[in-house]
Each structure stands twice: as structure tokens, then as C-alpha cells.
Amino acid sequence: MSGQWQVAVDRDRCIGSGLCAGTAPAHFALVDKKSQPLHTLVDPDEAVTDAADCCPVEAILITDPTTGTTLAPL
């Protein structure tokens, strides 16, 4: 897949488990006990989709910014 991915975190839904920051520390950090993407546009990286897939409340959304297609969680 070419291009970049858009990363968003629903901070109202986030419970601050930290799984995303542990799974993809180059892409997520906990700020005020909630997940925050370090960058909203990222190069495709399996660690980013793994973080979205492991979020217990599905607060992370990875999309293709060109098409709007959801890439994770599926």
C-alpha cells in the first residue's frame, strides 16, 4: 500500500490502557492518561494497525486519508 495513513484517537472513548504506546511507541504516547498519536499522518506500519487492533475499546482509528477507507480496527 502506498501513501500515508491517518491516525486518530477518540480521547472520550480511550481508557488509558497504554497498550497502544507499548505496541507502537514510535506512534502513540499517553498524555494526561489518554492515548495521543504522535503524528496524525504516518507511513504505513504494521505496528500502527496492531495498536489499533489491540485497543480494548477501539478508540484508535486508522484510515486511508485519500479514500476514507478504514484500515484498522477491522
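Above this text you will find the structure in question.
Residues numbered from 1 in each chain as written. Predicted model: local features only at pLDDT ≥ 70, side-chain atom pairs only at ≥ 80, totals over all residues. Heavy atoms only, no water.

Draft legend 1. Structural context of the environment of Thr69. By the secondary structure assignment, Thr69 is in the loop between strand S5 (60-63) and strand S6 (70-72). Note: C-alpha distance between Thr69 and Arg11 (58 residues apart in sequence) is 21 Å. Non-local contacts of Thr69, meaning those with residues more than four positions away in its chain, are made with Ile62, Thr63 and Asp64. At 2.8 Å, the side chain of Thr69 and the side chain of Thr67 are in polar contact. (Helix = DSSP H or I, 4+ residues; strand = E, 2+ residues; numbered from the N terminus. Contact = heavy atoms within 4.5 Å. Polar contact = N/O pair within 3.5 Å; in protein donor to acceptor, adjacent residues only side chain to side chain.)

Draft legend 2. Quick look at the sheet that holds strand S1 (residues 5-9). The sheet built from four strands is open, its strands ordered S4-S1-S5-S6 with antiparallel pairing. Edge positions in the sheet fall to strand S4 (41-42) and S6, since each has one partner strand and no second. By the bridge criterion, two bridges tie S5 to S6 in an arrangement that is antiparallel. The residue of S6 that forms the bridge with Ile62 is Ala72. (Pairing = 2+ DSSP bridges.)

Draft legend 3. Representation of the pairing of strand S3 (residues 34-37) within the structure. Alternating residues of S3 divide into Ser35 and Pro37, all buried, and Lys34 and Gln36, none buried. When strand S2 (residues 28-31) meets S3, the two strands line up antiparallel, connected through four bridges. Along S3, the bridge assignment pairs Phe28 with Pro37. Joining the antiparallel neighbours S2 and S3 is a turn of two residues, in which Asp32 adopts a positive phi near 55°. (Buried < 20%, exposed > 50% of the residue type's maximum accessible area, 1.4 Å probe, protein only.)

Draft legend 4. Main features of helix H2 (residues 46-54). Taken together, the buried positions of H2 are occupied by Val48, Thr49, Ala51 and Ala52. The buried residues of H2 all sit within an arc of 155° when viewed along its axis, so they share a single face. On its buried face, H2 sits against S1, helix H1 (19-23), S2, S4, S5 and S6. For H2, the side-chain oxygen to backbone nitrogen distance between the N-cap and Ala47 is 2.9 Å, and the N-cap itself is Asp45. (Arc of directions from axis to C-beta.)

In short, the description is geometric, and any link to function would need to be established separately.
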